[in-house]
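# Structural overview for review
Read off the chains here:
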Amino acid sequence: MKTERKPLGLYIHVPFCKQKCIYCDFYSLPHQESRMDDYTAAVCAHLTETAPFAAGHLVDTVYIGGGTPTYLGPDRLGKILKTVHKKYRVAKDAEITLEANPDSAGDWKALRALRRAGVNRVSLGMQSACDEELAAIGRVHTHAQTAAAVEVVRRAGIKNLSLDLIYGLPGQSLERWQENLSAAVALEPEHLSCYGLKVEEGTPLFQRRETFTLPGDDAQADMYLYTVEFLENLGYAQYEISNFARPGKESRHNLKYWHLEEYAGFGPGAHSDFGGVRYAYARDLDAYIRGVATGAPMLSESERIPPLDRDTEYVMLGLRLRQGLDPKEFERRFRRRFNCFVPFLEQCRQNGYACEEEGRWHLTPKGFLVSNQIIGGMLDALAQDKRRRAEAAARGDFRVER
């Protein structure tokens, strides 16, 4: 009898970029072109080394992120994809995503070669349709280049396109954001990711934050609520706090993160959730290359989490999704009752932050705006329930409802 293989996603982090954007907190390295060949060799060797541990899995998603993966060039990317297909059992309908910036995605022949190597989805970093806004945040492309890159993607035969946008940029008004969103939709992508600007400590934006006029929380909230309504009316269903898609075009790879499914990461700074262990590689290109070659330590974190102890993650990630939480699934998966959350969720429903539909609890757009506070309240309810059970067990009282 043939054993069914478990699904697995692969994430490959390409840390190279042409120029660091002032808001970027991802591990990326400008002006390191001389290290690209060594990086590519290391990733291919790491993929090969890890493949036997994935023998019982069917790879159904591959995501090449960064940095700017297209800056690595089609030949190096082709070597990486060839290694994936040679060493892993890749599903015929696997979703293979390549992140790209408009300035490095202008060669349709290069993208066609990558499509032939397996890429069938491109995530393009548009960010804004306003050249002034793009320049202010350190982007190296114009909107004209974005439009040209979209044409190149289509000409290369790639039929699944996602555009990334950021709202709340320095000096941005609601009207300007509306113009950006309209410009993005005019390019007819299958998927849109719309993120509010975050001022991350350690970034150039954080260091220069006093010199910028940034939209306040209320202004960002208006932009967000407009986005949800505008895109829903045009057929882009919201399926996660910041993500919208045409029917059937949700990011299958990113859904793995939110559904607590397995994925293995490769490259410096990449995270994994594989074999019951959450782990990450150090944000250090040299350490990664050296670690693959010599076996030197290259992990920055590693934690084995028993399945029954992942209830906190399940709640946190599930509330990011429009489909929300399924009480029956929670109870089946973690062997505890969902009832401990209901009083808090009822309060959220009364305030318009959550609703229950077809037996599932999910946040409303208004609730997504305060999702961190709501998740905090849910985790408090879970912690109180665990304490109550532990105290009852200590007393020898086993009548507590499970």
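Below is a short write-up of the structure. What you are looking at is a predicted structure, and each value in this text was computed from that prediction instead of being measured.

## Comments concerning the nonpolar core
The biggest cluster of nonpolar side chains holds 105 residues, and the ones touching the most others in it are Leu10, Ile12 and Phe341. When residues no more than four places from it in sequence are discounted, the contact partners of Phe341 are Val315, Phe330, Met378, Ala381 and Leu382. Core analysis: the second largest hydrophobic core is formed by ten residues, Ile22, Tyr23, Cys24 and Ile137 among them.

## Section: helix H8 (residues 217–233)
Between the first and last C-alpha of H8 there are 24 Å, a value that for 17 residues agrees with the 24 Å anticipated at 1.5 Å per step. The set of residues buried in H8 consists of Gln220, Ala221, Met223, Tyr224, Thr227, Val228, Phe230 and Leu231. Its buried side turned inward, H8 meets strand S7 (161–167), helix H6 (174–186), strand S8 (191–196), strand S9 (237–240), strand S10 (243–245) and helix H14 (365–369). Just beyond H8, the residue with positive phi is Gly235, at close to 90 degrees.

## Some thoughts on the environment of Gly67
Position of Gly67 relative to the elements: it lies in the loop between strand S4 (57–66) and helix H2 (74–87). Once residues within four sequence positions are removed from consideration, Gly67 is found in contact with His13, Val14, Pro15, Phe16, Tyr27, Ser28 and Glu99.

## Thoughts on the packing of helix H11 (residues 311–318) against helix H15 (residues 371–394)
Put simply, H11 and H15 touch, their axes get as near as 10 Å, and they point 160 degrees apart. Classified by the angle their axes make, H11 and H15 are roughly antiparallel. For the element pair H11 and H15, the recorded crossing hand is right-handed. The segment H11 lies against H15, with Asp311, Thr312, Val315 and Met316 engaging Ile375, Met378, Leu379, Leu382 and Lys386.

## Concerning the pattern of salt bridges
A complete count under the given rule lists 24 salt bridges for this structure. A salt bridge links Asp326 to Arg360, with the nearest nitrogen and oxygen atoms 3.7 Å apart. Separated by 34 residues along the polypeptide, Asp326 in the loop between H11 and helix H12 (327–334) and Arg360 in strand S16 (residues 360–363) bring together distant segments of the chain. Residue Arg360 is classed as partly exposed on the basis of its relative accessible area, which comes to 21%. When salt bridges with common partners are traced through the structure, they connect Asp311, Arg336, Asp385, Lys386, Arg388 and Arg389 into a single cluster.

## A word on the side chain of Asn180
Here Asn180 shows up in helix H6. Looking at Asn180, the relative accessible area reads 1%, which means it is buried. Excluding residues within four positions of it along the chain, Asn180 makes contact with Met126, Ser128, Ala129, Cys130, Glu133, Leu165 and Gln172.

Parameters at a glance
Residues numbered from 1 in each chain as written. Predicted model: local features only at pLDDT ≥ 70, side-chain atom pairs only at ≥ 80, totals over all residues. Heavy atoms only, no water. Core = buried A, V, L, I, M, F, W, Y, C linked by side-chain atoms within 4.5 Å. Buried < 20%, exposed > 50% of the residue type's maximum accessible area, 1.4 Å probe, protein only. Contact = heavy atoms within 4.5 Å. Helix = DSSP H or I, 4+ residues; strand = E, 2+ residues; numbered from the N terminus. Expected span 1.5 Å × (residues − 1). Axes fitted to C-alpha atoms, helices over the stretch in contact; angles between N-to-C directions. Parallel < 35°, antiparallel > 145°, perpendicular 65-115°, else oblique. Left-handed = near helix turned anticlockwise from the far one by under 90°. Salt bridge = Lys/Arg side-chain N within 4 Å of Asp/Glu carboxyl O.

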